[in-house]
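So you can see what is in the structure, the chains are spelled out below.
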Amino acid sequence: MDNLFERPDHAMLPGKSSWYVAVMGEIHLASDKVSPDAMAQFNLTSYLLSRQEIVTRHLENALRPRRPEILFKSMQYSLESEGKRLRPILCLAGCDLGGGDPTLAIPTACALEMLHTASLIHDDLPAMDNDDLRRGKPANHKVFGEGIALLAGDALLSYALEFILINTQQVPADRLLRVMHTLINRVGISGLAGGQAVDIESEGREEIDLETVEFIHSRKTGSLIDAAMVTGATLAGADEGTIARLSRYARKVGIAFQIVDDVLDVVGTSQQLGKTPNKDERSRKATYPRLFGVEGSMRRARELIDSAKAEMEPFGHRAIPLLAMAEFVYTRSA
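Residues numbered from 1 in each chain as written. Predicted model: local features only at pLDDT ≥ 70, side-chain atom pairs only at ≥ 80, totals over all residues. Heavy atoms only, no water.

1. Some remarks on the environment of R300
Rules: Numbering of helices and strands runs from the N terminus, with a helix taken as a DSSP run of H or I at least four residues long and a strand as a DSSP run of E at least two residues long. We call two residues in contact whenever any of their non-hydrogen atoms come within 4.5 Å of each other.
Along the polypeptide, R300 turns up in helix α16 (residues 288-311). Sequence separation of R300 and A256 is 44 residues, and the distance between their C-alpha atoms is 7.7 Å. Setting aside residues up to four positions removed in sequence, R300 forms contacts with E214, I259 and Y288.

2. Digging into a nonpolar patch on the surface
Definition in use: Think of a patch as exposed residues, more than 30% relative accessible area, with no salt bridge, where like charges cluster within 9 Å and nonpolar side chains (Val, Leu, Ile, Met, Phe, Trp, Tyr) cluster within 5 Å. Using a 1.4 Å probe, the Shrake-Rupley method yields the accessible areas, and only the shown protein chains count as cover for residues. One side-chain nitrogen of Lys or Arg within 4 Å of one carboxyl oxygen of Asp or Glu is enough to make a salt bridge.
Taken together, the side chains of V266, V267 and V294 make up a nonpolar region of the molecular surface, amounting to roughly 220 Å² of accessible area. Assignment of secondary structure puts V267 in helix α13 (residues 240-267).

3. Overview of the pattern of salt bridges
Defined as follows: A simple rule labels every residue: compare its accessible area, found with a 1.4 Å probe on the protein chains alone, to the largest value its type can have, and call it buried under 20%, exposed over 50%, or partly exposed in between.
Under the criterion given, the structure shown has 24 salt bridges. Notably, a salt bridge pairs D124 with R134, separated by 2.8 Å at the nearest N-O pair. Of this pair, D124 sits in helix α6 (residues 106-124) while R134 sits in strand β1 (residues 133-134), and the two are 10 residues apart along the sequence. Across this residue pair, the class does not change: D124 and R134 are buried. Between K309 and E327 there is a salt bridge, and its shortest N-O distance comes to 2.9 Å.

4. Side note on unusual backbone geometry
Of the consecutive residues R67 and P68, the connecting peptide bond is found in the cis state with omega at -10°. Secondary-structure assignment places P68 in the loop between α3 (44-60) and α4 (69-79). Backbone geometry at R85 places phi at a positive 60°, although glycine is not the residue there. With respect to the secondary-structure elements, R85 resides in the loop between α4 and α5 (86-97). Overall, R85 belongs to the buried group, its relative accessible area being 3%. Phi is positive for R135, close to 55°, though the residue is something other than glycine. Mapping R135 onto the fold places it in the loop between β1 and β2 (137-138).

5. Topic: the packing of α5 against helix α17 (residues 320-331)
The criterion, for reference: Lines fitted to the C-alpha atoms define the axes, with helices restricted to the stretch that makes contact. Angles between their N-to-C directions range from 0 to 180 degrees. Oblique is the label for any angle not under 35 degrees, not over 145, and not in the 65 to 115 range, which are roughly parallel, roughly antiparallel and roughly perpendicular in turn. Left-handed describes a crossing whose near helix is turned anticlockwise from the far helix by less than a right angle; the clockwise case is right-handed.
In contact at an axis separation of 11 Å, α5 and α17 are set at 155° when each is read in the N-to-C sense. With respect to α17, the axis of α5 lies roughly antiparallel. Where α5 crosses over α17, the handedness of that crossing is left-handed. Residues L86, I89, L90, A93 and L97 of α5 form the contact with α17, whose participating residues are L322, M325 and V329.

6. What to know about the nonpolar core
Short version of the rule: Residues enter a nonpolar core if they are buried and are Ala, Val, Leu, Ile, Met, Phe, Trp, Tyr or Cys, with the set joined through side-chain atoms within 4.5 Å.
Core analysis: the largest hydrophobic core is formed by 88 residues, its most contacted members being L90, M114, L183, Y249, M312, L322 and M325. With 12 residues, α13 is the single largest residue contributor to this core. In this view, M325 contacts L44, Y47, L48, L86, I89, L90, A93 and Y249; residues no more than four positions away in its chain are not counted.

7. Thoughts on the packing of helix α10 (residues 192-202) against helix α11 (residues 210-220)
Here is the rule: Classes in brief: Ala, Val, Leu, Ile, Met, Phe, Trp, Tyr, Cys and Pro nonpolar; Asp, Glu, Lys and Arg charged; the others, Gly included, polar.
Between α10 and α11, the shortest axis-to-axis distance is 7 Å and the interhelical angle comes to 145°. Of the two elements, α10 crosses α11, and the hand of that crossing is left-handed. Of the residues in α11, those in contact with L192, G194, G195, Q196, V198, D199 and S202 of α10 are T212, F215, I216, R219 and K220. Here the contact of α10 with α11 is built from residues that sort into 4 nonpolar, 5 polar and 3 charged.

8. Regarding α11
Quick reminder of the rule: Counted as a polar contact is a pair of N or O atoms within 3.5 Å, where, for protein atoms, one must be capable of donating a hydrogen and the other of accepting one, and residues adjacent in sequence contribute only when both atoms are in side chains.
Among the residues of α11, those classed as buried are T212, V213, I216, H217 and S218. Of the surrounding secondary structure, the elements contacted by the buried residues of α11 are α10, α12 (222-236), α13 and α16. Of the residues flanking the start of α11, the one acting as N-cap is D209, its side-chain oxygen 3.1 Å from the backbone nitrogen of E211.

9. Regarding the packing of aromatic side chains
How we decide: Each Phe, Tyr or Trp ring, with Trp reduced to its six-membered ring, pairs with another whose centre is within 6.5 Å; inter-plane angles below 30 degrees give stacked pairs, above 60 give edge-to-face pairs, and intermediate values give tilted ones.
Counting across every chain of the model gives 4 aromatic pairs. Centre to centre, the rings of F42 and Y47 are 5.4 Å apart; their planes meet at 55°, and the pair counts as tilted. Here Y47 falls in the buried class, since its relative accessible area comes to 5%. Here the aromatic rings of Y288 and F292 are separated by 5.7 Å at their centres, their planes lie at 40°, and the arrangement is tilted.

10. Things to note about the side chain of T231
One can find T231 in helix α12. Assessed through its relative accessible area of 0%, T231 is described here as buried. A distance of 3.2 Å separates the side chain of T231 from the backbone oxygen of A228, its partner in a polar contact. The residues touching T231, leaving out its near neighbours within four places in the chain, are C91, T108, L112, V179, T182 and L183.

Listed below in structure tokens is the structure:
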């Protein structure tokens, strides 16, 4: 039986000479204390946009149309929607900070976006969070129906892993195996699936506690952000201390990201967020704002961001992109 997709073209993966030098080359600086001036001079917007463009370009070539056409179109519809591409960007940054060539991490970066997109498709289903909007346009199931949306999420989950195996080059097998294990772990019962299950279980309860909220946040959101940093550093061949430090950074940033997301659900608009606001309160979700209010939640997010940034101190100027992205997570408005 033919595979669902055509074999991806290896030629679409650029070499270090064409992309890395132009886009990433200026990041390798001496490991000393980062000054406020150095942070002010770093252009985060340019950094994010350049990497978003690279990831998006590769994602456009990642899926090759095959039968059943409706399933392909459903996958493509959500995968190519405009998004922050935060997880792929963190993967590339983790590889760079770990001393590797980020071009080697492009297949894994793309796979992370596939995994994230699959989780969003499933998250929007009526049986889950039941949302009609995602990234400013109708949710997948509103366009293709619940059955096809469910299958599209499933197909993206499996294809993400296949994509890594087919496209990753010049990476030792033991590193690639660890990457695969990390991703499988972070989307399963110890990660995304486990967090979503407790989220569903807690919905509508009048009494919630911090332990439950942190369990949900750390797995439903934090686990894939952690996977991005860990897989990037693993592909680079980083030492265990570096990988552990990047993992701690990612976990803290991941929880902060979800706290800010929950706050924006309270104070944001549909146009601003690209999805339906105030859903958490209507569904009585287990969130930080329910426990601590908006101001208390943002204080906790600030603490987590500061702690995450402290994890980066040993890396000096090399960590400037990650320091800036941590601040972006805190200050974002969508």
